[in-house]
Each structure stands twice: as C-alpha cells, then as structure tokens.
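Report on the structure
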Amino acid sequence: MSTVPPEVAAFVAAASGLPERTLDTIRQAAATAVASGVYDPSAVPKLSAAQFSALNKQVRDAFAPRCTELSAGRPGGLRSAISRTTQTAQAIWKRDRLTVDEYVGFTEAFAAHGVPLPHHAL
C-alpha cells in the first residue's frame, strides 16, 4: 500500500482540526465555486487506487473523533468535511500536475482559514 506524503498528512491533520463553523464556511465556498463553474471536482488530480485508499483511510481516521460533532451540525457536515479535505489533499499530492492557478483554486478555501499548504511544485 502507498504511503501518504508528509505534506499531505500534515494538511489532513490541520484540516481535520478546523472548527465546525470553518468547515461549514469551506463547504459553502466550494458549493458556490462549483455552481459558478470556478471549481470542477472532476478536475481534481486522480491518485492510483493504492494512493487513494491510503489517503481515504487517513482522512476518515482524522475525522473519526469528530463524527458526532460534525454529524450533529448541518446535514452532510461530516461527509462534506471528508470530501473537501480529500479533494484538496489530492491536489496537494499531485500539485506537480497542476498549474499554479489550478493549485490555488483547489487549495484556497483552506488557505484562507490559515491551513498551511506546501508551495506549488514548479
């Protein structure tokens, strides 16, 4: 099985610790970006099956202690937090395949809330 790169693991750890309100704000920003055509979830860089499995486990494990809290808020809060974190982690992992603008587009919602991100690989 593939190992999640340290910079991706650090992002997942930071993202999973964000307050519920912040995660909801990120969710709303993503929904607005998708609706306006600025963000296309199908354009998120794909990982191999082994890479995705490792990432998926790490993200779900990171959010597991907050399951009750995030499920009690807005409907879909936990699912959205996991989805947004996973998609952004994929962009971080495969940032060498993205232009700087694409990378910023996939990561800016978290960066705006102080989540540290690695620089784009030029």
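In what follows, the structure referred to is the one given above.
First, a word on what this report is: a plain description of the structure on this page. Worth saying up front: this structure is predicted, and the values here are computed from it rather than measured.

1. Things to note about the pattern of salt bridges
One pass over the structure, following the stated rule, counts three salt bridges. Taking the shortest distance from any N to any O, the salt bridge between Glu 7 and Arg 95 comes out at 3.5 Å. With Glu 7 in helix H1 (residues 6-16) and Arg 95 in the loop between helix H5 (77-93) and helix H6 (100-111), this residue pair connects regions lying 88 residues apart in the sequence. Taking the relative accessible area as the measure of exposure, Arg 95 reaches 14% and is therefore buried. Measuring nitrogen to oxygen at the nearest pair gives 3.0 Å for the salt bridge that ties Arg 66 to Glu 69. With relative accessibility at 12%, the residue Arg 66 sits in the buried group. You can call Glu 69 partly exposed: its relative accessible area is 36%.

2. Remarks on the packing of aromatic side chains
Per the counting criterion, the structure on display carries two aromatic pairs. Relative to Phe 110, the ring of Phe 11 has its centre 5.0 Å away and its plane inclined at 85°; by these criteria the two rings are edge-to-face. Of this pair, Phe 11 sits in helix H1 while Phe 110 sits in helix H6, placing them 99 residues apart in sequence. Here Phe 11 and Phe 110 have matching classes, each one buried. Considering the side-chain rings of Tyr 39 and Phe 106, the 5.4 Å spacing of their centres and the 85° angle between planes classify their relative orientation as edge-to-face. Here Phe 106 lies in helix H6 and Tyr 39 lies in the loop between helix H2 (20-36) and helix H3 (49-63), a separation of 67 residues in the sequence. For the pair Tyr 39 and Phe 106, a shared accessibility class is recorded, and that class is buried.

3. Here's the deal with the nonpolar core
If you look at the biggest cluster of nonpolar residues, it comprises 29 residues, and the most contacted ones within it are Val 8, Phe 11, Val 12, Leu 55, Phe 63 and Phe 110. Of all the secondary structure elements, the ones that give two or more residues to this core are H1, H2, H3, H5 and H6. Beyond its immediate stretch of four places on either side in the chain, Leu 55 contacts Val 4, Val 8, Val 12, Leu 47, Thr 86, Ala 89, Gln 90 and Trp 93.

Cut-offs applied
Residues numbered from 1 in each chain as written. Predicted model: local features only at pLDDT ≥ 70, side-chain atom pairs only at ≥ 80, totals over all residues. Heavy atoms only, no water. Salt bridge = Lys/Arg side-chain N within 4 Å of Asp/Glu carboxyl O. Helix = DSSP H or I, 4+ residues; strand = E, 2+ residues; numbered from the N terminus. Buried < 20%, exposed > 50% of the residue type's maximum accessible area, 1.4 Å probe, protein only. Phe/Tyr/Trp six-rings, centres within 6.5 Å; stacked < 30°, edge-to-face > 60°. Core = buried A, V, L, I, M, F, W, Y, C linked by side-chain atoms within 4.5 Å. Contact = heavy atoms within 4.5 Å.

None of this, on its own, says anything about what the molecule does.
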